[in-house]
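# Residue-level structural notes
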Amino acid sequence: MSDDGKLRELICTLAKSMFDRGLTGGSTGNISARTGDGGLLVSPTGTSFGRLDPGRLSHFDASGKLIDGDPPTKEMPLHAAFYETRSSAGAVVHLHSCHSVALSMMPDADTDNFLPPLTPYGIMKLGRVKLLPFFLPGDAAMGDAVRGLAGKRSAVMLANHGPVVAGKDVEAACNAVEELEDTARLAMLTRGLSPRALTDAQVRAVVTKFNVDWDR
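As a starting point, this report considers the structure included with it. By convention here, each chain's residues receive numbers from 1 onward along its written sequence. In keeping with the model being predicted, local features are shown solely for residues with a pLDDT of at least 70 and side-chain atom pairs are shown and tallied solely at 80 or more, while totals for entire chains, interfaces and linings include all residues. In computing side-chain properties, one takes all heavy atoms of the structure into account and sets aside hydrogens as well as water.

## As for the pairing of strand β8 (residues 162-167)
Think of it in three bands: residues with accessible area under 20% of the maximum for their type are buried, residues over 50% are exposed, and the middle band is partly exposed, with areas taken using a 1.4 Å probe on protein chains only. Strands are runs of DSSP state E lasting at least 2 residues, helices are runs of H or I lasting at least 4, and numbering of each runs from the N terminus. Of all six residues in β8, six are buried, a share of seventy percent or more. Pairing of strand β7 (residues 155-158) with β8, which is carried by four bridges, proceeds in the antiparallel orientation. Within the sheet, the bridge partner assigned to L158 lies in β8 and is G162. Two strands pair under a simple rule: DSSP has to find at least two bridges between them.

## Quick look at the state of the cysteines
The disulfide definition used here is simple: a pair of cysteine sulfur atoms within 2.5 Å. Here the structure, examined in full by the defined rule, presents zero disulfides. Left unpaired, C98 is separated from the closest cysteine sulfur, that of C174, by 18 Å. According to the relative accessible area criterion, C98 is exposed, its value standing at 58%. Here C174 stays unpaired: no disulfide links it, and the sulfur of C12, its closest cysteine neighbor, is 11 Å away.

## Brief notes about helix α1 (residues 3-20)
Taking 1.5 Å of rise per residue, 18 residues should cover 26 Å, and α1 covers 26 Å from first to last C-alpha, within 8% of that figure. Among the residues of α1, G5, L7, R8, I11, C12, L14, A15 and M18 are the ones counted as buried. It only takes one pair of heavy atoms within 4.5 Å for two residues to be counted as in contact. Where α1 is buried, its residues meet β1 (30-34), β2 (40-42), β3 (58-60), β4 (66-68), β5 (91-94) and α6 (170-189). Just beyond α1, the residue with positive phi is G22, at close to 75°. Here the expected length of a helix is defined as 1.5 Å per residue gap, with one fewer gap than residues.

## A short note on the pairing of β1
Counted residue by residue, β1 has four buried out of five residues, so it is predominantly covered. In this structure, β1 lies alongside β5, joined through four bridges in antiparallel fashion. Among the inter-strand pairings, N30 is bridged to a residue of β5, identified as H94. Bridge analysis of β1 against β2 gives three bridges, and the strand direction is antiparallel. Across the sheet, residue A33 finds its bridge partner in β2, namely L41. The turn linking β1 back onto β2 is made up of five residues, and G38 within it adopts a positive phi angle of 90°.

What is shown is where atoms sit, not what they do.
Below, the structure written as structure tokens:
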């Protein structure tokens with residue numbers, strides 16, 4: 001199997017795994033990954049993560065032209081913004097995961113550092129997560145909001161909508177977005193219970209040890 005074929009299969013396998021575990025449902029969510037020649041493979045519009053067809057993924061060449069496959073997700077502006085502003089981005093994943101969406105609705109949600117420091121892993125895999133305001137689905141302004149961050153964040157949370165995470169490859173992006181949802185779930189489960197979060201010193205130790213891009 002070619003490298004392109006392997007990437008197609010991997011995208012569909014990871015997407016189905018997230019669907020099967022309830023991380024995004026119905027025809028929600030979208031995923032993209034860089035190909036070896038600088039192009040993109042993208043989940044088509046209106047498709048379910050549980051039933052993606054490797055042969056029907058939207059395929060863009062390095063200039064951004066759709067060369068085969070079905071029409072892409074309407075959230076292409078989000079994906080494009082991450083690729084344009086983060087040279088390290090090899091994949092982007094967007095989910096409609098319940099606990100992260102619930103946390104985004106809380107009136108005290110921190111817009112600059114969305115996830116509370118409950119475990120080291122959210123810090124290690126995501127750095128600071130920016131909470132963006134509500135946009136209509138498919139609104140190109142979402143991409144503009146990501147560009148406004150000038151590549152300083154690998155993950156954003158769209159209020160009342162869902163998380164969007166960029167990673168060095170598709171596995172890293174999927175692992176990171178799952179960590180975002182896990183941390184949000186912990187935050188919602190312990191909400192109002194005064195959980196013992198990591199101290200500032202412990203957060204700084206994690207940031208230093210794992211070379212996390214944290215202060216921007």
